[in-house]
Amino acid sequence: MASVEKIIERALQGERLGAEEALLLWQEAPLWQLGQVACELKRRVSGDKVFYNRNFHVEPTNVCLFECKFCSYRRSKGEEGAWAHSLEEILAEVEARRDSGATEVHIVGGVDVEHDIYYYAEMIRRIKQTMPTLCVKAFTAVELNYMIKQAELSLEEGLRLLKEAGMESIPGGGAEIFAPRVRMAICPQKGSAEEWFALHDAAHRLGIDSNATMLYGHIESVEERIDHLLRIRRQQELTGGFNAFIPLKYRSAHNAMSALGETSVTDDLRTLAMSRILLDNVPHIKAYWVMYGKQVAELALSFGADDIDGTIDDSTRIYSMAGAADTRPRMSVEDIERMCATAGLRAVERDTHYNEIG
Ligand code: V47
Ligand code: SF4
């Protein structure tokens, strides 16, 4: 079997690594060296740039049909802490940001049995009427699969309906860990990896781009993380529609898996670097600062990340409910520029599709 040095040499020559090589690197390469390789590969794709956008989230409801064990956000209908915003309330949130310079709204909630795909298409249409320049990035593959199936539409018909209403992009959630062993243990109702990929495949073929995530740091093995990354790489070969990969660190507060605790920052950095090294066909690796916290997000910029998501404007609760320190997440453009400059890099504003702005 090849040595760590040989594998690193191959990665730096732009050669694609297989599962066995990935495992050796993951388990045996020193962290500083993984950081160096990931930084170099990042530099070849995006130079000294770190991308961000001006965005906010809309979370229509946290009432969810499913009960994923890692989720701190979901509630049953009527339970304390449950919310379900009306369309008027959601439009008021958008209206309040009309002059904010935001270019993207990220919409994600629970698997909602109260509303159908036609309601969500209307929501998107009304949001676009309120703020026509806003790009709508909406609903995880899990929410989409549910609403499309309920309406008895094909994936293509359902996605086309939402696209015509104004949905331009799909966030990366719902991927968790693709390996069936883990999926069955942590989110048995969520549907298979194949269903997640079928949705993204259909979206890409309709010209809707998307992201991919991985929820790591709980019961999955390193082999299962590698399997997850390689499945994304294979899909990208087929359709090329993933803009970014986002590793999501399992945050342990207030959910049914809390006893597991959280993985280390060094594991976060190793996971980022390995994502950059293995996903040679996904252009952007996002360090989602709301989930890591600002300090780890800054460190991530030296481990292959070239995107930190956006300004957020205190609009999401998913991570504060799961234990993230920032209970009112918000970063100004100046904060983002300062963070990137401290890492020796340059903040560049982008839109959802990674076109540079300004
Ligand atoms: O699918 C839920 C994760 C995801 C926890 O595409 C948790 O730009 C950690 O996908 N600890 C939804 N993670 C969020 C998401 C996302 C976030 C930011 C940017 C983008 C993008 C997508 O949140 C879920 C799940 O994997 N999640 N609970 C938790 N306790
Ligand atoms: Fe529902 Fe999503 Fe939470 Fe799972 S992760 S329980 S699908 S809100």
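Structure: see above.
Thresholds, definitions, all that
- Residues numbered from 1 in each chain as written.
- Chains lettered and ligands numbered in written order.
- Predicted model: local features only at pLDDT ≥ 70, side-chain atom pairs only at ≥ 80, totals over all residues.
- Heavy atoms only, no water.
- Near = heavy atom within 4 Å.
- Nonpolar A, V, L, I, M, F, W, Y, C, P; charged D, E, K, R; others polar.
- Salt bridge = Lys/Arg side-chain N within 4 Å of Asp/Glu carboxyl O.
- Helix = DSSP H or I, 4+ residues; strand = E, 2+ residues; numbered from the N terminus.
- Buried < 20%, exposed > 50% of the residue type's maximum accessible area, 1.4 Å probe, protein only.
- Pairing = 2+ DSSP bridges.
- Axes fitted to C-alpha atoms, helices over the stretch in contact; angles between N-to-C directions.
- Polar contact = N/O pair within 3.5 Å; in protein donor to acceptor, adjacent residues only side chain to side chain.
- Areas by Shrake-Rupley, 256 points an atom, 1.4 Å probe, with all protein chains shown as cover.

(A) Quick look at the site of ligand 2. Every residue near ligand 2 is listed here: Cys64, Phe66, Cys68, Phe70, Cys71, Tyr73, Arg74, Gly110 and Lys190. By residue class, the composition of the shell around ligand 2 is six nonpolar, one polar and two charged.

(B) A look at the pattern of salt bridges. Enumeration over the complete set of coordinates arrives at 35 salt bridges. Between Asp313 and Arg97 there is a salt bridge; the shortest N-O distance is 2.8 Å. Linking Asp313 in the loop between strand S9 (307-310) and helix H14 (333-342) with Arg97 in the loop between helix H4 (87-95) and strand S3 (104-107), this pair joins segments that are 216 residues apart in sequence. The buried category is assigned to Arg97, whose relative accessible area is 13%. A cluster of three or more residues bridged by salt bridges with shared partners is formed by Arg10, Glu15 and Glu21.

(C) Looking closely at the sheet that holds strand S1 (residues 49-53). What the three strands build is an open sheet, ordered S9-S1-S10; its pairing is parallel. Each end of this open sheet is capped by a strand with a single partner; those strands are S9 and strand S10 (346-349). The mean inter-strand angle of the sheet, taken between neighbouring strand axes irrespective of direction, is 30 degrees. Here S1 pairs with S9 via two bridges, running parallel. Opposite Phe51, over in S9, you have Asp307 as the bridge partner.

(D) Looking closely at the site of ligand 1. Near ligand 1 lie 22 residues; those nearest to it are Lys137, Gly174, Glu176, Lys286 and Tyr319. In the model, an oxygen atom of ligand 1 is placed 2.7 Å from a nitrogen or oxygen of the Gly174 main chain. Here ligand 1 loses 96% of its free accessible area of 620 Å² to cover by the protein chains. Only strand S6 (209-216) and strand S7 (242-249) provide two or more residues apiece to the shell around ligand 1. Here the shell around ligand 1 is built from residues that sort into nine nonpolar, seven polar and six charged.

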